[in-house]
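Residues per chain, in single letters:
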Amino acid sequence: MTSLPLQRTEYTNLSLGGPRGGATAHAESLVDAESYQMPHDRMLGTNLFTFGVADGLAVTATTGQTTLQIGTGVALDGNGNLIALAANGWAVTDPSVNPTQVVNIPIVPVDNTGVPLATTGVTGECYLTITFREVLDPAATPTQQNLFHAPWLRLIPVADLGANGDQVVLARVSLDGQSKITAVTAENRRLTGLPAGRVELRRPRVTTGAPAAVGQVPAADITAAGDGSLSVTMRPDGGAAHQLLKADTTGSTLALQPGGGSVGVGLQGQPPQRTVHVEGNEVHSGGNHGGFSFADRTVGSFDETGGIGGRWIWYAQDGVARLWSGSDQVTVATRSSAPNAGVGPRVGIGAPAATHALHVGVTSGIRQNAQYLSGTLGWSSLSYNAFHNDANNAWVFPVPTRPAVTLEMDDAAGVGRFQVYGTTKAAPQNWVLRLAVDGETGDVLIPGKLTSGSLVTGAATTAALTTRTSAQITAFSPSAADAQAICASNSSGTATIFALNNGAGPAIETIGGLEVFGFGSFSQDVSVSGTLTAGAKRFTIDHPLDPANRLLNHTSVESDERAVQYSGNVTLAKDGTATVQLPEWLDALATDFRYQLTCIGGHANVYIAEEVRDNAFRIAGGTAGLKVSWQLTGVRQDAFARANDFVVEEDKPEDERGFYVHPEAYGRQMDASVHWPRNAELIKRNPALAKRSVRTFAAAEAGRVETQNARRQAEADRAAAAAPDGPAS
């Protein structure tokens, strides 16, 4: 609705220039309201505002209930009608009434909380709407009839909502098959608006002097220009207007303060300190040309074609953050660009495609104080007080008067080499070879003298590096059948306590004990002459049914005795008896025997007629030909068992109390293990190794727990699926 013809009752006699004579009838007042005042208000509503909720009309609901509560408030519909749901007023909530009738329409009162609306009988997706409506006062008389403003509240299917705005949406309501509320959203709820080509903002103005005056003046305006752009213009009192902001029709360009000044974003009340000053979490630039560009300070302006060092840009491409100046100088990535490489931070310096955590693509490499890492394909060096120049044709000595040291690694002529060079105080820039290892043959060249020093063990005359049978067999490279790689002696200097062998014997031998602090793995036989102590003992073999892809695990049977167990099957003789012959050494090995008998293929009152004696026992009470399965359990009484009492419960040593054999079972770290106090000196000498062991242990334990939980869940799922009723819904 943009315009309506207006007609107004004449109350003034224009020809006489005075008021019209006679009484004003009720009908004339009604015509005046219907023909002029109400159309006038509707034109104001449709032309100066857009329809929607103006104030209030909040909707509240409880999931699972069948009642909506609509609060008081005001709305404007698309026909310019003002809709007021007011306290002490009325509302229509019956969805079935005739929309054109005003007579005999049921109404409900509205209190300070608004009015409830039942959802009974309605299902599916609906809109809660409010509609302008007037109804005749139910208590009206023929001589006194009043129209009540009573907004119509109802639920309509989503598909039935019109586009002309005669119904104002308050909420979208989802209802189940029992008319119970499942969700309430603000979909299609809109607020009233003010359409205007120009909005002028004014401020008060006070002028002093004689006389003083109080008034108002324009301060700013927001304007939609003829070309479709939007601008904000400041109009200072007594000064020239200047444009503060302008946005073009596509929204691709936004100009802030083209007249100069500073821009502040998120400053929390503080003035901006620079031309553009941002306070907050981040500044983001996206799109095909996303990035942040800045010029060398000496340039002083934007440099479109800046070379190296003239203009810099931070941008991201292909998952890599890049700092550009002429070319990518620094790159940061989350994964390696190399094929099949893992995920992890990657920083490249002169290396646009970094393959490692730190990848330097220049020859002169990395500096850390006086330490340098240089290199390229074919060679690399780790040096003190020396590095290769970028042309890779000369050494640079930062402090020429001090000696230098370098570790050189290369593959000259296809042969890998490792060399240590040094310079002397007298000639600090002349390299001298100190150590070389040939990667092809393994030969070690030591031009100087080798001093064993702390490698000497036992008596002072014992050499740390020795040979066993031949000059070619050294302590560090065993090649003969009886060679030993490492040989150490205990405090008496008489016994070998640890050796790595290369021959037909065991690969590792110990005298006096060996403790592995961490994980140990043996691929062949392990022989223990004393007691093997473990938290759990099991065998693991290739699975008989799928040896290439699966494993079969069995655990051992535990007991609080040194029990031995034997079993077998025997067929009873004609008289229902049988004698079970046992190994000839059983009487000497075990005592305190226990017996179990099970009949196979039948039943009989079989029993032990004679206990173990002379390595045999006798069964009786059966029938001829009956097969009986037997099991015999005894307790060891051999010399080792008698000499070494088996203690079931014992106190931990004083220095191991508070520590655990299996700390992971109690949610503790590796440093809570009994191995920690047992290896206190070793840990003290190797703190970094100890910390790494704790981290490795924690990571392995976390992986084990995760795998165990996944296996348990899979077993539970299989059990649920195999249940008679299937898995629970």
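To be clear, the structure that these remarks concern was listed above.
Residues numbered from 1 in each chain as written. Predicted model: local features only at pLDDT ≥ 70, side-chain atom pairs only at ≥ 80, totals over all residues. Heavy atoms only, no water.

## Points about the sheet that holds strand 29 (residues 358–360)
Move 1: An order of 24-25-26-27-28-29 is seen for the six strands of this open sheet, with the pairing classed as mixed. One side of each edge strand has no neighbouring strand; the edge strands of this open sheet are strand 24 (292–295) and strand 29. Pairs of neighbouring strands in the sheet enclose a mean axial angle of 15°, with direction left out of account.
Move 2: Of the strand pairs in this sheet, strand 26 (residues 320–324) and strand 27 (residues 328–335) are connected by five bridges, and their pairing is antiparallel. (Pairing = 2+ DSSP bridges. Helix = DSSP H or I, 4+ residues; strand = E, 2+ residues; numbered from the N terminus. Axes fitted to C-alpha atoms, helices over the stretch in contact; angles between N-to-C directions.)

## Here we look at the pattern of salt bridges
Move 1: A full pass over the atoms with the stated rule returns 15 salt bridges.
Move 2: Residues glutamate 561 and arginine 594 are paired through a salt bridge, measuring 3.2 Å at the closest nitrogen-oxygen approach. Residue glutamate 561 is found in the loop between strand 43 (551–555) and strand 44 (563–571), and its partner arginine 594 is found in strand 46 (residues 590–600); the two are separated by 33 residues along the sequence.
Move 3: What makes glutamate 561 partly exposed here is its relative accessible area of 30%.
Move 4: Of the residues examined, arginine 594 reaches a relative accessible area of 33% and is grouped as partly exposed.
Move 5: Counted as one network, the salt bridges with shared partners bring together Arg198, Glu200, Arg202, Asp221 and Arg235. (Salt bridge = Lys/Arg side-chain N within 4 Å of Asp/Glu carboxyl O. Buried < 20%, exposed > 50% of the residue type's maximum accessible area, 1.4 Å probe, protein only.)

## Considering the nonpolar core
Move 1: Ile70, Leu85, Leu128 and Leu170 are the most contacted members of the largest nonpolar core, which totals 23 residues.
Move 2: Secondary-structure elements contributing two or more residues to this core are strand 5 (67–70), strand 7 (82–85), strand 10 (115–118), strand 11 (124–131), strand 14 (152–157) and strand 15 (167–175).
Move 3: Ranked by residues supplied to this core, first place goes to strand 15 with five residues.
Move 4: Apart from the residues lying within four places of it in its own chain, the contact partners of leucine 85 are Leu57, Ile70, Gly71, Thr72, Gly73, Ala91, Val110, Val115, Ile130, Pro151 and Leu153. (Core = buried A, V, L, I, M, F, W, Y, C linked by side-chain atoms within 4.5 Å. Contact = heavy atoms within 4.5 Å.)

## Concerning the side chain of aspartate 328
Move 1: Looking at the secondary structure, you find aspartate 328 in strand 27.
Move 2: Side chain to side chain, aspartate 328 and tyrosine 315 meet in a polar contact 2.9 Å long.
Move 3: Side-chain polar atoms of aspartate 328 contact the side chain of arginine 322, separated by 3.1 Å.
Move 4: When neighbours within four sequence positions are excluded, aspartate 328 is seen to be in contact with Tyr315, Arg322 and Leu323. (Polar contact = N/O pair within 3.5 Å; in protein donor to acceptor, adjacent residues only side chain to side chain.)

## A short note on unusual backbone geometry
Move 1: Residues alanine 210 and proline 211 are joined by a peptide bond in cis, for which omega reads -5°.
Move 2: Mapped onto the fold, proline 211 is located in the loop between strand 17 (198–207) and strand 18 (213–224).
Move 3: Although it is not a glycine, leucine 57 sits at a positive phi angle of roughly 55°.
Move 4: Along the chain, the position of leucine 57 falls in the loop between strand 3 (52–56) and strand 4 (59–61).
Move 5: Classification of leucine 57 by relative accessible area gives buried; the value is 0%.
Move 6: If you check the backbone angles, aspartate 318 has positive phi at about 55° while not being a glycine.
Move 7: Inspection of the secondary structure assignment puts aspartate 318 in the loop between strand 25 (311–317) and strand 26.

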